[in-house]
Amino acid sequence: MKFLVYAQVDQGNIGKKLGTADYSYFFLLRTFSEVLQELGDVVQLRDPQEATAIHAQCAAVGEQCVLFSFTPPHKTPLELGCPTIPVFAWEYPNIPEDIREESWRDDPRHDWRYVFHRTGSAIALSTHTVDAVKKSMGPHFPIAAIPAPLTRRAMLTGRRPVGIGHQVPLTLVASVADSRSMGLDSDSLVAATDDDGTHFHPDDAERLPLLLPVRAVAVSDGDVQVGDSGEEVLLAEGEQWPLPCSWDPPPPARVRLDPQGVVYTSVLTPEAGRKNWGDLLTAFCWAFRDNADAILILKIAGTDLLRCHRELLMWLTKLSPFKCRVLSVSGFLPDEDYAALQDATTFYVNTSLCEGLCLPLVEFLGSGIPAIAPDHTAMADYINSDIAFVVRSFPGEPTVWPHGDMQMDSTSFQQLDWQSLHDAFRRSYEMATLAPERYAAMSLRAHETIQDYCGPGAVKRQLQRFLELPSEAHGNDARQVASCESGAVEP
Amino acid sequence: MNLLVYTSTADGDLPHRLGAPEYSYRFVLREFLPLLRQLGTVIEIARPELEVDPIYHACRARGEDCFFLCFMPPNKVPLGLACPTIPVFAWEYDTLPDEPFNGKPRNDWRRVLSLVGAALTHSSYTVERVRAALGSTFPVTSVPAPLWDRMQSLRSPASSERVVLNTEGLVIDSRKVDLARYSKSALQSAQPGEVELPAACTDGIKQVTLEGTVFTSVFNPGDGRKNWRLMILAFCEALRDRPDATLLLKLTHHDRLLLAPEILETIYRAGPMAGRVVLMNAYLAQHDYELLLKGTTFALNASHGEGQCLPLMEYMSAGKVAIAPRHTSMADYIDENCAFIVDSSPELGAWPHDPRQAFRTTRQRIHYQSLVSAFRCAYYVARHEPEVHAAMSRAAVESQRRYCSMEVVRSRLLASLEGLAERRVA
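Residues numbered from 1 in each chain as written. Chains lettered and ligands numbered in written order. Predicted model: local features only at pLDDT ≥ 70, side-chain atom pairs only at ≥ 80, totals over all residues. Heavy atoms only, no water.

## Comments concerning the overall build of chain B
Stage number 1. Along the backbone of chain B there are 15 helices and 17 strands.
Stage number 2. At 22 Å, chain B has a C-alpha radius of gyration in line with the 22 Å of a compact globule built from 426 residues.
Stage number 3. Its C-alpha atoms give chain B principal-axis dimensions of about 70 × 50 × 40 Å.
Stage number 4. A buried classification covers 61% of the 426 residues belonging to chain B. (Helix = DSSP H or I, 4+ residues; strand = E, 2+ residues; numbered from the N terminus. Rg over C-alpha atoms; globule rule 2.2 N^0.38 Å. Buried < 20%, exposed > 50% of the residue type's maximum accessible area, 1.4 Å probe, protein only.)

## Remarks on the overall build of chain A
Stage number 1. The helix and strand inventory of chain A stands at 14 helices and 17 strands.
Stage number 2. Every one of the 491 residues in chain A was classed for burial, and the buried ones make up 56%.
Stage number 3. Counted over contacts in chain A with a minimum sequence separation of 6, partners at least 24 positions apart contribute 73%.
Stage number 4. When the accessible surface of chain A is totalled, it reaches about 20,400 Å², and 52% of it is carbon and sulfur. (Contact = heavy atoms within 4.5 Å. Areas by Shrake-Rupley, 256 points an atom, 1.4 Å probe, with all protein chains shown as cover.)

## A few points about helix α13 (residues 456-467) of chain A
Stage number 1. With 12 residues, α13(A) extends 16 Å from end C-alpha to end C-alpha; this agrees with the ideal 16 Å at 1.5 Å per step.
Stage number 2. E468(A) sits one or two residues past α13(A) and shows a positive phi near 55 degrees. (Expected span 1.5 Å × (residues − 1).)

## Here's the deal with the packing of helix α12 (residues 436-454) of chain A against α13(A)
All names here are of chain A.
Stage number 1. One can describe the packing of α12 onto α13 by two numbers: an axis separation of 5 Å at closest approach and a directional angle of 25 degrees. Regarding the angle of α12 to α13, the classification is roughly parallel. Seen from α12, the contacting residues are Q451, D452, Y453 and C454; seen from α13, they are P456, A458, V459 and Q462.
Stage number 2. Among the residues forming the contact of α12 with α13, the class breakdown is five nonpolar, two polar and one charged. (Axes fitted to C-alpha atoms, helices over the stretch in contact; angles between N-to-C directions. Parallel < 35°, antiparallel > 145°, perpendicular 65-115°, else oblique. Nonpolar A, V, L, I, M, F, W, Y, C, P; charged D, E, K, R; others polar.)

## Looking at empty space enclosed by the protein
Residues and elements named next belong to chain B.
Stage number 1. Across all of its chains, the model carries four cavities of 30 Å³ or more by this definition.
Stage number 2. Residue assignment for the lining of the largest cavity shows that the elements contributing at least two residues are β10 (213-219), β13 (298-300) and α12 (310-317).
Stage number 3. Element by element, the count of residues in the lining of the largest cavity is highest for β10, at four residues.
Stage number 4. In the lining of the largest cavity, the residues fall into 10 nonpolar, four polar and two charged. (1 Å grid on protein atoms, 1.4 Å probe; cavity = no way out; pocket = protein on both sides within 12 Å on 5 of 7 lines; lining within 4 Å. Points joined across faces, edges and corners; volume = space filled by probe spheres on them.)

## Thoughts on the interface of chain B and chain A
Stage number 1. Across the contact, 48 residues belong to chain B and 47 residues belong to chain A.
Stage number 2. Buried area between chain B and chain A, both sides added, is near 4,200 Å², and the carbon and sulfur share of it is 54%.
Stage number 3. Where chain B meets chain A, there are 23 residue pairs in polar contact (both at pLDDT 80 or more).
Stage number 4. Residue assignment for the side of chain B that touches chain A shows that the elements contributing at least two residues are α4 (109-116), α7 (184-189), α9 (228-238), α10 (260-269), β16 (344-350), β17 (359-366) and α13 (368-384) of chain B.
Stage number 5. Ranked by the residues each element gives to the side of chain B that touches chain A, the list is headed by β17(B), at six residues.
Stage number 6. Class assignment of the residues belonging to the side of chain B that touches chain A gives a composition of 17 nonpolar, 16 polar and 15 charged. (Buried area = accessible area lost by both parts, 1.4 Å probe. Polar contact = N/O pair within 3.5 Å; in protein donor to acceptor, adjacent residues only side chain to side chain.)

## Some words on helix α9 (residues 335-344) of chain A
All names here are of chain A.
Stage number 1. Turning to α9, its buried residues are D337, Y338, L341, Q342 and A344. All buried residues of α9 lie within an arc of 165 degrees about the axis, which places them on one face of the element. Residues of α9 that are exposed and point over 90 degrees away from its buried face: E336 and D343.
Stage number 2. Residues of α9 that are buried sit in contact with β7 (171-178), β10 (262-268), β11 (294-300) and α10 (359-366). (Arc of directions from axis to C-beta.)

## Side note on the confidence of the model for chain B
Stage number 1. Residues with a pLDDT of 70 or more make up 100% of chain B, whose mean pLDDT is 95.
Stage number 2. This prediction of the complex comes with two scores: 0.93 for pTM and 0.95 for ipTM. (pLDDT = per-residue confidence, 0-100.)

## Topic: the packing of aromatic side chains
Remark: the centre distance and the inter-plane angle together describe each pair of aromatic rings, the angle taken between the planes.
Stage number 1. This model, assessed by the stated rule, comprises 38 aromatic pairs over all chains.
Stage number 2. Ring geometry for F298(B) versus F340(B): centroids 5.9 Å apart, planes at 80 degrees, classification edge-to-face. Within this pair, whereas F298(B) is found in strand β13, its partner F340(B) is found in strand β15 (residues 339-342), the two being separated by 42 residues in sequence. For the pair F298(B) and F340(B), a shared accessibility class is recorded, and that class is buried.
Stage number 3. Three or more aromatic residues joined by ring pairs make a cluster, and in this case those are F88(A), W90(A), Y92(A), W104(A), W112(A), F116(A), F141(A) and W401(A).
Stage number 4. Lying over the aromatic face of W286(A), R289(A) brings its terminal NZ or CZ to 3.9 Å of the ring centre. (Phe/Tyr/Trp six-rings, centres within 6.5 Å; stacked < 30°, edge-to-face > 60°. Lys NZ or Arg CZ within 6 Å of the ring centre and 35° of its normal.)

## Quick look at the packing of helix α7 (residues 277-287) of chain A against helix α8 (residues 305-319) of chain A
The packing of two helices is summarised by the inter-axis angle and the distance between the axes.
Residue and element names in this part refer to chain A.
Stage number 1. Between α7 and α8, the shortest axis-to-axis distance is 10 Å and the interhelical angle comes to 35 degrees. Handedness of the α7/α8 crossing: right-handed. Note on element contacts: α8 touches α7 through C308, E311, L312, W315, L316 and L319, opposite W277, G278, L281, T282 and C285. (Left-handed = near helix turned anticlockwise from the far one by under 90°.)

## A short note on the sheet that holds strand β6 (residues 143-145) of chain A
Residues and elements named next belong to chain A.
Stage number 1. Spatial strand order, β2-β1-β3-β4-β5-β6: six strands in an open sheet with parallel pairing. With one partner strand each, in any of the chains shown, β2 (41-44) and β6 form the two edges of the open sheet. This sheet shows a mean twist of 20 degrees between the axes of neighbouring strands, independent of strand direction.
Stage number 2. With four bridges connecting them, strand β1 (residues 2-6) and β2 associate as parallel partners. Across the sheet, residue L4 finds its bridge partner in β2, namely V43.
Stage number 3. Sheet strands touched by helix α4 (residues 112-119): β4 (84-88) and β5 (122-124). Its angle to β4, the strand with the most contacts, is close to 135 degrees. (Pairing = 2+ DSSP bridges.)

## Side note on the sheet that holds strand β3 (residues 66-70) of chain B
Residues and elements named next belong to chain B.
Stage number 1. Read from one edge to the other, the open sheet built from four strands follows the order β2-β1-β3-β4, with strand pairing classed as parallel. The open sheet is flanked by β2 (41-44) and β4 (85-87), the only strands paired with a single partner. Between one strand axis and the next, the sheet turns through 25 degrees on average, direction left out of account.

## A word on the environment of F340(B)
Residues and elements named next belong to chain B.
Stage number 1. The buried category is assigned to F340, whose relative accessible area is 12%.
Stage number 2. Separated by 311 residues in sequence, F340 and L29 place their C-alpha atoms 30 Å apart.
Stage number 3. Look past the residues within four positions of F340 in its chain and what remains in contact with it is F298, V321, A322, I323, A324, A374, C377, A378, V381 and M392.

## Let's talk about the pairing of strand β12 (residues 325-330) of chain A
Working note: regular strand, side chains alternate between the two faces of the sheet.
Residues and elements named next belong to chain A.
Stage number 1. Across the six residues of β12, six count as buried, placing the element largely inside the fold.
Stage number 2. As paired strands, β7 and β12 are joined by four bridges and run antiparallel to one another. In the sheet register, S175 faces β12, and the bridge partner there is S330.
Stage number 3. Examined bridge by bridge, β11 and β12 share six bridges and lie parallel to one another. Bridge pairing in β12 links I300 to S330.
Stage number 4. With respect to chirality, the unit in which β11 leads through α8 into the neighbouring parallel β12 is right-handed. (Right-handed = clockwise from strand over helix to strand, strands pointing away.)

## Comments concerning the nonpolar core
Stage number 1. Counting residues in each nonpolar core, the largest one holds 130 residues, and the members touching the most others are F68(A), Y264(A) and F425(A).
Stage number 2. A total of eight residues in this core trace back to one element, the largest contributor, which is α7(A).
Stage number 3. If near-sequence neighbours (up to four positions away) are discounted, F68(A) is found in contact with F3(A), L4(A), V5(A), Y6(A), L36(A), I85(A), V87(A), I123(A), L463(A) and L467(A).
Stage number 4. Grouped together as the second largest cluster of nonpolar side chains are 95 residues, L39(B), C59(B), L69(B) and M151(B) included. (Core = buried A, V, L, I, M, F, W, Y, C linked by side-chain atoms within 4.5 Å.)

## Some thoughts on the environment of D258(A)
Residue and element names in this part refer to chain A.
Stage number 1. When you line up the elements, D258 lands in the loop between β9 (253-256) and β10.
Stage number 2. C-alpha of D258 to C-alpha of Q462: the two residues are 204 residues apart in sequence and 41 Å apart in space.
Stage number 3. Reaching out from D258, the side chain makes a polar contact with the backbone nitrogen of L170 at a distance of 2.9 Å.

## Some points on the side chain of T167(B)
Stage number 1. The residue T167(B) is located in strand β7 (residues 163-167) in this model.
Stage number 2. If near-sequence neighbours (up to four positions away) are discounted, T167(B) is found in contact with G204(B), I205(B), K206(B), V208(B), A282(B) and L284(B).

## What about unusual backbone geometry?
Stage number 1. Look at the link from S320(A) to P321(A): it is a cis peptide, with omega at 5 degrees.
Stage number 2. Its identity as a non-glycine residue notwithstanding, T328(B) has a phi of 40 degrees, on the positive side.
Stage number 3. Topologically, T328(B) is positioned in the loop between β14 (321-325) and β15.
Stage number 4. One non-glycine residue, Q357(B), lies in positive phi territory at about 50 degrees.

This is the structure in structure tokens:
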């Protein structure tokens, strides 16, 4: 059987496309291809029109041929002489069908029902999306929820929290902003013209009884200041500690982060509003305003990183003073750096208002890193209290279509319970610092849960079922090897 | 007993000071005056620094008690007077301002309150928050604005009557406006201040007919706590196909056009609907104010926090069932007998008067679908369960009687003032 695979973004331009609307489809293509290789020949197309000719060649020799289009339905090529299966992520409880958007008028594919009637089947990444499609297409429409397979097999059997009490070496090549080097001062937000008529008398400071400040950040109470320990660690050639920065992000460099303590990591595109980094930042900084050994690493992607940096600066300025540490890392990380980031991480954090899958969350869990996350939308398929501190959420807050005119609410996402997120930070910190054996057990369960959910074997079985292929026979092995060697898919 | 009272907004200035800083303290003082006059001689002060101490010294010379009740937030209370000064203030956040922001030590309310040594506020929530900051023995008492008795002559049935109001000022009926002119892209492409409203909405006398099920919320659109976006979106979603449902937003702001385009944008973004949203920003004469109350079926609140909420208290005192969350000060009077309760939970927020808008406190996040469901339940009860509605209406009146009747507030206020007088003697 021949599998043609297509996505609008490919290996050649992925570095520049990080954070754009469709970039995660490249990752989907890459990871599904590895499993498809075990079921047949995989050929990656640069132009979907090639499918017609290849399908004809296959038909001539009696070989089945199907195109997996890793595109949202409204970008799925339909005029091909080749059966096409859209493979797509979707994070909302309904699908576009009533075209009220001006920018959609010229393309009937914006009514997704039109696309699904033409393709006759589809693969979504989550049960939540399957339910959304069946609401419009009826309960018998052939659509399966098959998550992106996790192909890099993590060799983990119960992690221990790393970095509690000692530094974890971590060097990344990126633009790194460190809350400890940003000169944060909430009083800098007062403009000279701000005067609300509050009385002032030169004697006030003496006359008013002085109470101990409730929330002044105390001088070091024995916590080791990560930023201060720079002189104790030998930097390799070309490395540097995070550079001071303010209104503009620091230039990309080989930066030594060496977080020390409980490390929370989130991989996100802040300009996608659904990622909800406001709740993430406020809950983290409030929960750990007195804990120097709590670190949040934000791996940031996006098309407007300058704006992201300035938003981050505003959030952190309004949150300051706090003793915890926030690091934002912008730039494309090669696989080995991404793995190093995972190794340094104690918990992965997701505070999204909706998800079509959340590949980074799945990857981190698969590597045995427990999470803080809500169990809504696609995450309902794999997040539970065995592997995560589950954040409460409530469905049904109205919002716009993510790819439409942004004028009118047509769908909805979730509200998070901020207090529950805050409490999850506190409870996870206590577990990591006080109950490492419970952490290790949770880590092991996270790894196992994800292998069952989307390990290569699990996804392969689901694809076989969906494509109505015969299940595994021993004789297939030779063909698998041959197809792997065909090298049609880029690594 | 002599009671000197002050707030920064003069009574006659109120119509054009609506929405300005501390304007609502004038409304609160108005509600207190009748009760204060029962307790002693009330003297209204215009310039505290000049007037208070001479009167105080004269009273002491006659052997009479004298207190300065300053209806202002602590940071704006005059200090250094010989006369015992009692701030009467509203507060709706869990953390009292405890930093000298803007270079002003008085923005740390703890320092001001410990200097004056006593305070009055309007809810048990605020009492608890003050004591959390100043110690469990700090003399602070909850005295809500005693408006219940005044509203009893305006008691109206639970259900609304068809009424016709005549009003100047701004009136916008969502059914009579081309909402597409206020889409997000239209507002973004317009120059600031250039979005035009139809002349029929702004000029001359307008007639407003209220009938069907009417949800009324009275608020200052400049006050970020009030959550008007959520109110509109939830109303439109809940009662999208009900032509007899009306959301009436009675705005109180001297700038009548403030936020009107943004409110219309929100109605537009909610999509087509059969019901209507009416915006009214007009200072209503007493007669029209009473008509509005009569025409209202439910009193609505969806805010992040309340220090007491005078409009909600008025409407409930007059027998209107509420849709409201049970948090901050509203926890004193909102329960399932008298209200359709809207769920909420804490989120991080800022003190409203902090120019930095630094994160220093939590406030309440309203759960959107819970508000939607409250609208639907209320509408159903109004249409189909008149006896339930009537019972809830009686419960609303009774709940406010316990909270803000003269009788209840008088005894607490008196006990508080007598305690302070005794302490001074001792």
